[in-house]
Amino acid sequence: MTRLRRQIVETLHFLGAKKNLDSSLGLMSLGLLIRDKETFHEYTVEKVSFDDENPIVTCFRYYGPRGGKRAYLHLTPKDFDKYEAV
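Residues numbered from 1 in each chain as written. Predicted model: local features only at pLDDT ≥ 70, side-chain atom pairs only at ≥ 80, totals over all residues. Heavy atoms only, no water.

Asker: Describe the pattern of salt bridges, naming the residues involved and giving the relevant values.
Answerer: The tally for this structure, following the rule as stated, stands at 4 salt bridges. Measuring nitrogen to oxygen at the nearest pair gives 3.3 Å for the salt bridge that ties arginine 35 to glutamate 84. With arginine 35 in strand β3 (residues 33–36) and glutamate 84 in strand β7 (residues 83–85), the pair connects residues that are 49 residues apart, well separated along the chain. You can call glutamate 84 partly exposed: its relative accessible area is 31%. (Salt bridge = Lys/Arg side-chain N within 4 Å of Asp/Glu carboxyl O. Helix = DSSP H or I, 4+ residues; strand = E, 2+ residues; numbered from the N terminus. Buried < 20%, exposed > 50% of the residue type's maximum accessible area, 1.4 Å probe, protein only.)

This is how it looks when you write it as structure tokens:
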């Protein structure tokens, strides 16, 4: 495990993340929200996984007439500067 990955995992565990069966880290209990700086859409962070040591953040937001549908978003490090914590 690289130093960056170890730091991310340790930080997320400290914040209450739980390890999933697929080795990703689930964050649903935190209710962590991020916002697209351009559209102002808000997304709930669902989990953080790793692909070749790079974090991939899986997020979703509800949409539709009754908010019953989910739109998913998968962020990689190159996308991080387009979003901010809410």
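Asker: Break down the nonpolar core for me, citing the residues and quoting the values.
Answerer: Counting residues in hydrophobic clusters, the biggest one holds 12 residues: Val9, Leu12, Ile34, Tyr43, Val45, Val48, Phe50, Val57, Cys59, Leu73, Leu75 and Tyr83. Residue assignment for this core shows that the elements contributing at least two residues are α1 (3–14), β4 (42–51), β5 (54–63) and β6 (69–75). Looking at this core, the element that brings in the most residues is β4, giving 4 residues. (Core = buried A, V, L, I, M, F, W, Y, C linked by side-chain atoms within 4.5 Å.)

Interpretation in functional terms is not warranted from these geometric data alone.
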